[in-house]
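Chain and residue survey
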Amino acid sequence: MPSQPFRRLSATWLAGLLALLPLVLTVGLLVWTGQLLYHYLGPGSVVGSLLSWLGQPFAHQPYLEYGLGILLLLLLIYPLGVLVQSSLRRHIDALIDLTLRRIPLIGSLYNLADRFVGLLDQKDGADITAMSPVWCLFGGDGAAVLALLPNPEPVHIDGRPYLAILVPTAPVPIGGGLLYVPSEWVRPAQIGVDKLSSIYVSMGIDAPPDLQAAVKQAQTARATSAV
């Protein structure tokens, strides 16, 4: 049997390791992400070659050409942003609808990319506004699951309304399953997507708010805003 001092030393060492491990994993993830970006966007990549080509008329050193190419690209993006924010946005969207979106494979890829960018941009009509966290009570009063409601419009199966819910997995909420459940099983969770993600990432340690308290708080807020 290990002696008492040895157990204390082991417990202290393990506590230090557990305290250091999140930092090590974070640094490792940042290094891996940097290497991945350098591989696909660095000077030796296809994108990097295009950036170097942009900077080539102004410099004759590879890394300087690459840096100037990035700077020129950033300067070119700004006028595009001005056009997008102007009244020309409708014409640009109409042109994309008539061209890219009508090509079978490319249109599907563009729609997927546009939805992903909409999540980052949080613009009106983006998926982030449609995906609302909900409680799904199986059987109406059974096991409760926190899920995402991607579309509030029900789907009728055998004449009964069903809602599609995405049930994330812990601790990686980007995975999960798509379920169609009776609409009466679904109730608003009155929390944000960030809170739902933190709950799954913490594997339940970060507890969700009480359902009834959240509903009353939302009703009080709506009544106050109406006044």
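You'll find the structure just up there.
In what follows, the accompanying structure is described. (Residues numbered from 1 in each chain as written. Predicted model: local features only at pLDDT ≥ 70, side-chain atom pairs only at ≥ 80, totals over all residues. Heavy atoms only, no water.)

What the rule picks out here adds up to 2 salt bridges. In this structure, the salt-bridge partner of Arg 160 is Glu 184, at a minimum N-O distance of 2.6 Å. A residue pair is termed long-range when its members are at least 10 positions apart, and Arg 160 in strand β4 (residues 160–168) and Glu 184 in the loop between β5 (176–182) and β6 (186–188) qualify at 24 residues. For Glu 184, a relative accessible area of 44% corresponds to the partly exposed category. Close ionic contact of Lys 195 with Asp 206 constitutes a salt bridge, the shortest N to O distance being 2.9 Å. Within this pair, whereas Lys 195 is found in helix α7 (residues 193–201), its partner Asp 206 is found in the loop between α7 and α8 (211–226), the two being separated by 11 residues in sequence. For Lys 195, a relative accessible area of 28% corresponds to the partly exposed category. (Salt bridge = Lys/Arg side-chain N within 4 Å of Asp/Glu carboxyl O. Helix = DSSP H or I, 4+ residues; strand = E, 2+ residues; numbered from the N terminus. Buried < 20%, exposed > 50% of the residue type's maximum accessible area, 1.4 Å probe, protein only.)

The next subject is the packing of helix α2 (residues 46–55) against helix α3 (residues 62–85). Remark: α2 packs on α3, axes separated minimally by 6 Å, with the N-to-C direction vectors making an angle of 90 degrees. The orientation of α2 with respect to α3, classified from their angle, is roughly perpendicular. For the pair formed by α2 and α3, the contact residues are Gly 48, Leu 51, Ser 52, Leu 54 and Gly 55 on the first element and Pro 62, Glu 65, Tyr 66, Leu 68, Gly 69, Ile 70, Leu 72 and Leu 73 on the second. Along the lines of polarity and charge, the residues of the contact of α2 with α3 split into 8 nonpolar, 4 polar and 1 charged. (Axes fitted to C-alpha atoms, helices over the stretch in contact; angles between N-to-C directions. Parallel < 35°, antiparallel > 145°, perpendicular 65-115°, else oblique. Contact = heavy atoms within 4.5 Å. Nonpolar A, V, L, I, M, F, W, Y, C, P; charged D, E, K, R; others polar.)

Turning next to the side chain of Glu 65. With respect to the secondary-structure elements, Glu 65 resides in helix α3. Not counting chain neighbours up to four residues away, the residues in contact with Glu 65 comprise Leu 51, Ser 52, Gly 55, Gln 56, Ala 59 and His 60.

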